[in-house]
Amino acid sequence: MDVPVEPVKRTVTPYFNSFKAKIPHIGGPRKWVFVVSGVLAAVAVFIGVSLFIKGRNTGEMVRPIPYNEELTGDIPERVISPITGEYYQGQEAKDWWIRRPLAVMVNNHTDARPQSGLVDADIVYEIVAEGGITRFLAFYLSETPVKIGPVRSTREYYLVLVKELGDAMIMHIGWSPQALEAIETWPVRSLGRGAASFWRENPRDVAIEHTAYVNGEDLYARGLELGWEGKAPLEMWKFKDTDKYLDAPFSRNITIDFWYAGDYSSIWKYDPDKGSYLRFMGYDADANPIPHEDQETGEQIEVKNLIVQFADETTIEGDDKNRLDYQLLGSGKGFVFLDGRVVEVTWSKAERDTRTRFYDINGAEMEFSRGKFWVSIVPSRNVEQVVFD
């Protein structure tokens, strides 16, 4: 597991003052020898502290990242969400239409449930982080909760999705070595490396790694401080306004066992009255699926589109924690569940910054229902562990 890294403040000046106070009062040439020696020592300390801080969470060492598109003029009368395909009146979208998406790594350990803010995400990706335990990468644009979490560390394959979704900003606490290299070399707009604020609360009396929360608006404000105003192009998926897939088989109940059945099984049930899929997570003592509800509102998570994407899972060679990697570039198979039906699909992603595309068996690009998404990325060896009827 990755150890969360707390933000660090630079405090070089107090050290220099205390060092200066210890210089003896000596006159003549010897005085200048001591003064020069003291200055050189202070400079060395400053460099050493700066290099140390660079490896921690701090915005002062985050390099500027170009690739901003400034939007000018009045907001249009009607705005379409580039993620959900939903239409908004201009004034409804005034707070977000010129923003890039915000991504947050959200913990899914049993001690982290119920989570806060997942219910408001436009799209959530669920992937195994380790040991069959999944972790969520939630993207926000049309809604920005004031409480999201608990927040955990990121991995490199999650960052592939961050680059795909409009070069989003991502909040995380901690990172794998591979993720850190990606953040610094691709680069990635990492709020975790940019000293974004978070707080801890622990009413459930759990381990500290399950206690960190963030305010979405504060994260956006920190992004502006880092110079990340504007937005990058975000490739939209296609959306339909008719019952396009009437020939597809009905599928009202879906169970996804990423590694095995149990606490991390993802269960979905279609509600025809809402036209949405309701999410359940794990099972209670009587083997009944547990509704996946928001900590703050008690609202059950629901989406219009559920995507299952099969990807090759491997263990990173030489990694001291046996961390995983998922091959998200290339192509593979999957399923799309929408309108109570299931469509067998293939997926394709040519480059890191391009959007993953989904195609039906005839090679036509999928047209999704307008609304929220959930994407479950499942190891390709476990195709038979996705069951639906």
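What comes next is a walk through the structure. On a predicted model such as this, the values are computed, not experimentally measured, just so you know.

Rules behind the numbers
Residues numbered from 1 in each chain as written. Predicted model: local features only at pLDDT ≥ 70, side-chain atom pairs only at ≥ 80, totals over all residues. Heavy atoms only, no water. Helix = DSSP H or I, 4+ residues; strand = E, 2+ residues; numbered from the N terminus. Buried < 20%, exposed > 50% of the residue type's maximum accessible area, 1.4 Å probe, protein only. Areas by Shrake-Rupley, 256 points an atom, 1.4 Å probe, with all protein chains shown as cover. Pairing = 2+ DSSP bridges. Polar contact = N/O pair within 3.5 Å; in protein donor to acceptor, adjacent residues only side chain to side chain. Arc of directions from axis to C-beta. Contact = heavy atoms within 4.5 Å. Axes fitted to C-alpha atoms, helices over the stretch in contact; angles between N-to-C directions. 1 Å grid on protein atoms, 1.4 Å probe; cavity = no way out; pocket = protein on both sides within 12 Å on 5 of 7 lines; lining within 4 Å. Points joined across faces, edges and corners; volume = space filled by probe spheres on them. Nonpolar A, V, L, I, M, F, W, Y, C, P; charged D, E, K, R; others polar. Core = buried A, V, L, I, M, F, W, Y, C linked by side-chain atoms within 4.5 Å. Salt bridge = Lys/Arg side-chain N within 4 Å of Asp/Glu carboxyl O. Phe/Tyr/Trp six-rings, centres within 6.5 Å; stacked < 30°, edge-to-face > 60°. Lys NZ or Arg CZ within 6 Å of the ring centre and 35° of its normal.

**Focus on the overall build of the protein chain**
Within the protein chain, the secondary structure is distributed over five helices and 24 strands. Buried residues in the protein chain amount to 51% of all 389 residues. Entry remark: accessible area of the protein chain is about 17900 Å², with carbon and sulfur atoms responsible for 53%.

**A word on the pairing of strand S23 (residues 373–379)**
Across the seven residues of S23, seven count as buried, placing the element largely inside the fold. As paired elements, strand S4 (residues 123–130) and S23 share four bridges and run parallel to each other. The residue of S23 that forms the bridge with Tyr-125 is Val-375. When strand S16 (residues 305–311) meets S23, the two strands line up parallel, connected through seven bridges. Of the residues in S23, the one forming a bridge with Asn-305 is Phe-373.

**Some thoughts on the side chain of Thr-144**
Here Thr-144 lies in the loop between strand S5 (133–140) and helix H3 (156–164). A polar contact of 3.4 Å, which involves the side chain of Thr-144, links it to the side chain of Arg-99.

**A short note on helix H5 (residues 216–225)**
Within the span of H5, buried status applies to Gly-216, Leu-219, Tyr-220, Arg-222 and Gly-223. Within H5, the buried residues cover an arc of 160° as seen down the axis, which keeps them to one side. In this structure, H5 carries Leu-224 and Glu-225 as exposed residues pointing more than 90 degrees from its buried face. For H5, the elements touching its buried residues are strand S3 (102–106), S5 and strand S6 (169–171). A side-chain oxygen of the first residue of H5 lies 2.9 Å from the backbone nitrogen of Glu-217; this N-cap is Asn-215.

**Focus on the sheet that holds strand S19 (residues 330–338)**
Reading across the sheet, the 10 strands line up as S7-S6-S3-S5-S4-S23-S16-S19-S20-S21 and stay open at both edges, with mixed pairing between neighbours. Looking at which strands have only one partner, the edges of the open sheet turn out to be strand S7 (189–190) and strand S21 (357–359). As judged from the two bridges shared by S6 and S7, these two strands associate in the parallel manner. Across the sheet, residue Met-169 finds its bridge partner in S7, namely Arg-189. Sheet strands in contact with H3 are S3, S4, S5, S6, strand S20 (341–349) and S23, and its direction is about 165° off that of S4.

**A look at empty space enclosed by the protein**
In this structure the tally under the stated criterion is one cavity of 30 Å³ or more. Within this model, the largest cavity holds a volume of roughly 40 Å³. Forming the walls of the largest cavity are Leu-118, Val-119, Ala-121, Val-124, Ile-301, Glu-302, Val-303, Lys-372, Phe-373 and Trp-374. Among the secondary structure elements, those contributing two or more residues to the lining of the largest cavity are strand S15 (302–303) and S23. Split by residue class, the lining of the largest cavity holds eight nonpolar, no polar and two charged.

**Quick word on the environment of Ile-123**
With respect to the helices, strands and loops of the structure, Ile-123 is situated in strand S4. You can call Ile-123 buried: its relative accessible area is 0%. Along the backbone, Ile-123 and Trp-374 are 251 residues apart, and their C-alpha atoms lie at a distance of 5.6 Å. Excluding anything up to four places from it in sequence, Ile-123 contacts Ile-83, Leu-137, Ala-138, Phe-139, Trp-237, Arg-355, Phe-373 and Val-375.

**Concerning the nonpolar core**
Within soluble globular proteins, side chains that are nonpolar tend to cluster in buried spots. Residues Val-104, Tyr-125 and Leu-137 are the most contacted members of the largest nonpolar core, which totals 95 residues. Excluding residues within four positions of it along the chain, Tyr-125 makes contact with Arg-135, Phe-136, Leu-137, Phe-139, Leu-161, Glu-164, Leu-165, Trp-237, Val-375 and Ile-377.

**Quick word on the pattern of salt bridges**
Under the criterion given, the structure shown has 23 salt bridges. The salt bridge partner of Glu-184 is Arg-193, with a shortest N-O separation of 2.4 Å. Given the relative accessible area of 6%, Arg-193 is considered buried. Across the pair Arg-352 and Asp-353 runs a salt bridge, and its minimum N-O distance is 3.6 Å. Here Arg-352 falls in the partly exposed class, since its relative accessible area comes to 27%. Given the relative accessible area of 41%, Asp-353 is considered partly exposed. What emerges from the salt-bridge pattern is a single network uniting Lys-147, Glu-201 and Glu-296.

**Some points on the packing of aromatic side chains**
The full count for this structure, using the stated rule, is 18 aromatic pairs. Each ring, one from Phe-337 and one from Phe-388, has its centre 5.3 Å from the other, and the planes form 75°; the classification is edge-to-face. In this pair, Phe-337 is assigned in strand S19 and Phe-388 in strand S24 (residues 386–388), connecting sequence segments 51 residues apart. The buried category is assigned to Phe-337, whose relative accessible area is 0%. Grouping aromatic residues by their ring pairs yields a cluster made of Trp-237, Phe-239, Phe-358, Phe-368 and Phe-373. Over the aromatic face of Tyr-245 sits the side chain of Lys-244, whose NZ or CZ is 5.9 Å from the ring centroid. The positively charged end of Lys-269 is found above the aromatic ring belonging to Phe-280, 5.9 Å away from the centroid.

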